[in-house]
Amino acid sequence: QVQIVESGGGLVQPGGSLRLSCAASGSGFSIHVMGWYRQAPGKQRELVATVDSGGTTNYAGSVKGRFTTSRDNGKNTVYLQMNSLKPEDTAVYYCYTRLVFREDFTYETYWGQGTQVTVSS
């Protein structure tokens, strides 16, 4: 009953910008945490940014000052605005959702399918 749909990746030049979107659809749940991870070739998956139910954000040090994550709770959607992109930002970006189901108050993690971000001249 849960579907995670992310979009917004693409190819940009260094210094450019992209905006990623991720929406959780379904019923019977509330969002506890939404955010973004990324995985570059030859590297492990790493946290990029999260925003929790209280609006608190967390960023990897490498993206602070360049990336901003925000939420639209009414749409169960999280965004990642990426500015001043660098080649080292090239990775597959995965939407991360931590949901709590209202019926029994259980927590489940769901992942998006990933969207490719490539920063290259």
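Here's a quick rundown of the structure. In this text, all values refer to a predicted model and were calculated from it rather than measured experimentally.

Counting across every chain of the model gives one disulfide. In this model, Cys 22 is linked to Cys 95 through a disulfide, with the two sulfur atoms separated by 1.8 Å. In this structure, the disulfide formed by Cys 22 and Cys 95 twists by about -85 degrees around the S-S bond and is classed as left-handed. Residue Cys 22 is located in strand β3 (residues 18–25), and its partner Cys 95 is located in strand β9 (residues 91–101); the two are separated by 73 residues in the primary sequence. For the pair shown, Cys 22 and Cys 95 are each scored as buried.

Another point: the side chain of Arg 66. For Arg 66, the location among the structural elements is in the loop between β6 (57–59) and β7 (67–72). Within the local environment of Arg 66, its side chain forms a polar contact with the backbone oxygen of Ser 62, the two atoms lying 2.9 Å apart. Those residues within four positions of Arg 66 in sequence are excluded, and the remaining contacts are Gln 81, Met 82, Asn 83, Ser 84, Leu 85, Lys 86 and Asp 89.

Summed over all chains, the structure comprises five aromatic pairs. For the pair Tyr 37 and Trp 111, a centre-to-centre distance of 5.2 Å together with 70 degrees between the ring planes defines the contact as edge-to-face. With a gap of 74 residues between them, Tyr 37 in strand β4 (residues 29–39) and Trp 111 in strand β10 (residues 106–111) connect regions that are remote in the sequence. Residues Phe 101 and Tyr 110 carry aromatic rings whose centres are separated by 6.4 Å and whose planes lie at 55 degrees to one another, so their mutual orientation is tilted. On the basis of relative accessibility, which here comes to 10%, the residue Phe 101 falls in the buried class. Among the residues examined, Tyr 110 registers a relative accessible area of 28% and is labelled partly exposed. Members of the aromatic cluster, each reached through a chain of ring pairs, are Phe 29, Phe 101 and Tyr 110. Here the basic side chain of Arg 45 rests over the ring of Tyr 94, its NZ or CZ set 4.0 Å away from the ring centre. The ring centre of Trp 111 lies 4.8 Å from the NZ or CZ of Arg 45, which sits over that ring.

Definitions and limits used
- Residues numbered from 1 in each chain as written.
- Predicted model: local features only at pLDDT ≥ 70, side-chain atom pairs only at ≥ 80, totals over all residues.
- Heavy atoms only, no water.
- Disulfide = S-S within 2.5 Å.
- Helix = DSSP H or I, 4+ residues; strand = E, 2+ residues; numbered from the N terminus.
- Buried < 20%, exposed > 50% of the residue type's maximum accessible area, 1.4 Å probe, protein only.
- Polar contact = N/O pair within 3.5 Å; in protein donor to acceptor, adjacent residues only side chain to side chain.
- Contact = heavy atoms within 4.5 Å.
- Phe/Tyr/Trp six-rings, centres within 6.5 Å; stacked < 30°, edge-to-face > 60°.
- Lys NZ or Arg CZ within 6 Å of the ring centre and 35° of its normal.

Worth remembering: the numbers are spatial, not functional.
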